[in-house]
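# An overview of the molecular structure
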Amino acid sequence: MLLRPLAAVLALLAVAACDGSPSGPPESAAPVITVTGVTAGGSYTGSVSIGISVDRGSYSATLNGASFTGGTVTSPGSYTLQVAARNGTATSTASVPFTLTFAGSRVLIVRLLDLGDNESGGGGDAILLTDSTGSGLRHGLIDAGPQGVDASNPGYVLQRLRDLGVTRLDFVELTHAHADHYAGLAPVLNAIPTGWFVYNGQQRANIGGYQTVLSAAGARADSVVVPAAVTALPFGFGGGTLSVIPPLPTYLGNANASGDELNEGSLGTSLTRGSFRMFFTGDGEMEANARWRTGFAALTGNVTALKVGHHGANNAVFDDGFRGASAWLAHTAPRLAVISANGRSHPRQNALNAILGLPQTETYCTSVHGEIAIRIAENGQYAVTVQRNATLDCRPGSEATT
Ligand SMILES: [Zn+2]
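Residues numbered from 1 in each chain as written. Predicted model: local features only at pLDDT ≥ 70, side-chain atom pairs only at ≥ 80, totals over all residues.

## A few points about the overall build of the chain
Using the following cut-off: Think of it this way: any DSSP run of H or I at least four residues long counts as a helix, any run of E at least two long counts as a strand, and we number them from the N terminus. Contact between two residues is assigned when their C-beta atoms, built from the backbone, lie within 7 Å.
Counting its regular elements, the chain contains 10 helices and 25 strands. Counting only C-alpha atoms and orienting by the principal axes, one finds that the chain spans roughly 95 × 50 × 40 Å. Sequence-distant contacts, at least 24 apart, represent 70% of the contacts inside the chain between residues at least 6 apart.

## Some details on the domain arrangement of the chain
Our working definition: Each domain span listed reflects an automatic or database assignment of domains.
You can read the domains of the chain as domain 1 (7–101) and domain 2 (107–386). Of note, the centres of domain 1 and domain 2, computed from C-alpha atoms alone, are 45 Å apart.

## A short note on helix 6 (residues 286–295)
What counts here: Labels follow a simple rule on C-beta atoms placed from the backbone: if 20 or more others lie within 10 Å of a residue's own, it is buried; if 12 or fewer, it is exposed; otherwise it is partly exposed. Each direction from the helix axis to a C-beta atom contributes to the arc, which is the arc of those directions.
Residues of helix 6 that are buried: Met286, Ala288, Asn289 and Trp292. Seen along its axis, helix 6 keeps its buried residues to an arc of 165°; they face one direction. Turned more than 90 degrees from where helix 6 packs its buried face, Thr294 and Gly295 sit exposed. Tucked into the core, helix 6 has its buried residues touching strand 18 (241–245), helix 5 (259–264), strand 19 (268–273), helix 7 (297–300) and helix 8 (327–332).

## What about the nonpolar core?
Test applied: The term nonpolar core refers to a set of buried Ala, Val, Leu, Ile, Met, Phe, Trp, Tyr and Cys residues connected through C-beta atoms within 7 Å.
Core analysis: the biggest nonpolar cluster contains 85 residues, and Val172, Leu185, Val188, Val213 and Val338 have the highest contact counts within it. Sorting elements by how many residues they give to this core places helix 4 (residues 208–220) first, with 5 residues. Core analysis: the next-biggest nonpolar cluster, separate from the first, contains 17 residues, Val83, Val96, Phe98 and Leu100 among them.

## So, the sheet that holds strand 22 (residues 336–339)
Using the following cut-off: For two strands to count as paired, DSSP must find a minimum of two bridges between them.
Taking strand neighbours across the sheet as the criterion, the 7 strands line up as 17-18-19-20-21-22-23 in an open arrangement whose pairing is mixed. Because the sheet does not close on itself, it has two edges, and the strands there are strand 17 (231–232) and strand 23 (362–365). Across 4 bridges, strand 22 lies against strand 23 in parallel orientation. Bridge pairing in strand 23 links Ala337 to Thr363.

## Some points on the pairing of strand 19
Among the 6 residues of strand 19, 5 are classified as buried, and the element is accordingly described as predominantly covered. In terms of strand pairing, strand 18 meets strand 19 through 5 bridges, oriented antiparallel. Paired with Thr241 across the bridge in strand 19 is Thr272. Judged from the 5 bridges that link them, strand 19 and strand 20 (residues 276–280) form a sheet pairing that is antiparallel. Following the sheet pairing, Thr269 is matched in strand 20 by Phe280.

## Let's talk about the environment of Asn254
As for its position among the elements, Asn254 is in the loop between strand 18 and helix 5. Judged by local crowding, Asn254 falls into the partly exposed class, with 14 C-beta atoms found within 10 Å.

## Describing the sheet that holds strand 11 (residues 107–112)
Strand pairing in a sheet takes place through backbone hydrogen bonds and is either antiparallel or parallel in direction. Put simply, the rule is: Helix axes use the C-alpha atoms of the stretch in contact, all axes being lines fitted to C-alpha atoms, and the angles between their N-to-C directions lie in the range 0 to 180 degrees.
Pairing is mixed across the open sheet formed by 8 strands, whose spatial order is 16-15-14-13-12-11-24-25. Two strands close off the open sheet at either side, each with one partner strand: strand 16 (223–225) and strand 25 (382–386). Along the sheet, successive strands turn relative to each other by an average axial angle of 15°, direction set aside. As judged from the 6 bridges shared by strand 11 and strand 12 (residues 126–133), these two strands associate in the antiparallel manner. Bridge pairing in strand 12 places Arg111 opposite Leu128.

## Side note on helix 1 (residues 156–163)
Taken together, the buried positions of helix 1 are occupied by Tyr156, Val157, Leu158, Arg160 and Leu161. Looking at the packing, one finds that the buried side of helix 1 touches strand 12, strand 13 (136–144) and helix 3 (185–191). At the exit of helix 1 stands Gly165, carrying a positive phi of roughly 80°.

## A look at the environment of Gly201
With respect to the helices and strands, Gly201 occurs in the loop between strand 15 (194–198) and helix 4. Each C-alpha atom, one on Gly201 and one on Ala177, is 9.1 Å from the other, the two residues being 24 residues apart in sequence. Other than its neighbours up to four places away in sequence, Gly201 contacts Val226 and Leu252.

## Digging into the environment of Leu299
Mapped onto the elements of the fold, Leu299 is located in helix 7. Judged by the 20 C-beta atoms lying within 10 Å of it, Leu299 is buried. Sequence spacing of Leu299 and Arg277 is 22 residues, and the spatial spacing of their C-alpha atoms is 8.4 Å. Residue contacts for Leu299: discarding those within four places in its chain leaves Ser243, Ile245, Ser270 and Phe279.

## Describing unusual backbone geometry
The phi torsion of most residues other than glycine is negative, and most of the peptide bonds are trans. The linkage connecting His346 with the following residue, Pro347, adopts the cis geometry, with an omega of 0°. Mapping Pro347 onto the fold places it in the loop between strand 22 and helix 9 (349–356). A positive phi angle is found at Ala333, which is not glycine, with a value near 40°. Relative to the helices and strands, Ala333 is located in the loop between helix 8 and strand 22. Positive phi is not limited to glycine here, since Asn389 has a value of about 55°.

## Let's talk about the confidence of the model for the chain
Counted only if it meets this: A residue's pLDDT is the predictor's confidence in that residue, given on a scale from 0 to 100.
Per-residue confidence for the chain gives a mean pLDDT of 91, with 92% of residues at or over 70. Ignoring residues within four places in sequence, the model shows residues 1–22, a span with pLDDT below 50, making 42 contacts including any to other chains.

Dropping the structure here:
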């Protein structure tokens, strides 16, 4: 990335201790602050190298409130550089707001849609992936639950996709056969042309809503795929990978599988773009986590971002399903954790506290932050934006007692 050499002497707010009287105190000259690399209101791409100096006296500086002595900034975002200089009793200050955007024109966006206060299954999932170039957009969808109390709005995801300009989906993935993950899918499949429909092959012959989704997929998608090995999904303009891991087979043939057993059959999905790596878990619990950790370690270990399993349930985090050690969190070691939850039954207290206690992990929840978007540059740099409450931490669900 070519940086334009920029040097600017900034407008100063100088307060010099000089009363103009020959009998007053000795004068101190106000320091002149010079900042190189950025100017107030500037917008830069890739990275900026910032230098700070004063012609006399001393200075201190902060960048977005954190102590800063100059250097290279590489993370996209909005910044304010504040410099305060002093020479004797004279002071000067400078404020330099600037923005830094991604290098390159291609950005991949992972959006966790907000399904609201949805009692169904802890809140449901709906995750839209969008790859962009200067000339277009391509999309894929992982799950589509209904929105609202009593799952009253199964058309929400379709409406949100339309608002975002989605006219085709390269793929639709259903992680597992629970309504909080599929009840919004039939409207999507019936309205938006779809390439692959990928699911775990579970049959629930007596569940009408599920059969409706499978029927819509069979009629509308170009291909219906049940992965038998790690399988690359068709998606985007190339660069990076998106791969789905075949499901834990244990319970897939059980027509009377319990809720937890259905969760354990969740498809796991691995996304890479540059240095950015993300793992999506569906509602996988202890058995799924253990299998992903030991059998697919290269796809699941030390990720940049983790879509936390099962809406932040304890059984998707802890080795014993309730509290204590978490080999899964130690293995995935995410720098970014995102949770789709209803804020009522989920996230659970113990799971959320364990995640919030991870050093160097930023955590976002749809229940607090609304829709969550992760924007990822070709080189893997990323930035998170949220719909609301950006400065608040995630909270356990209001009815989560453990
Ligand atoms: Zn769920």
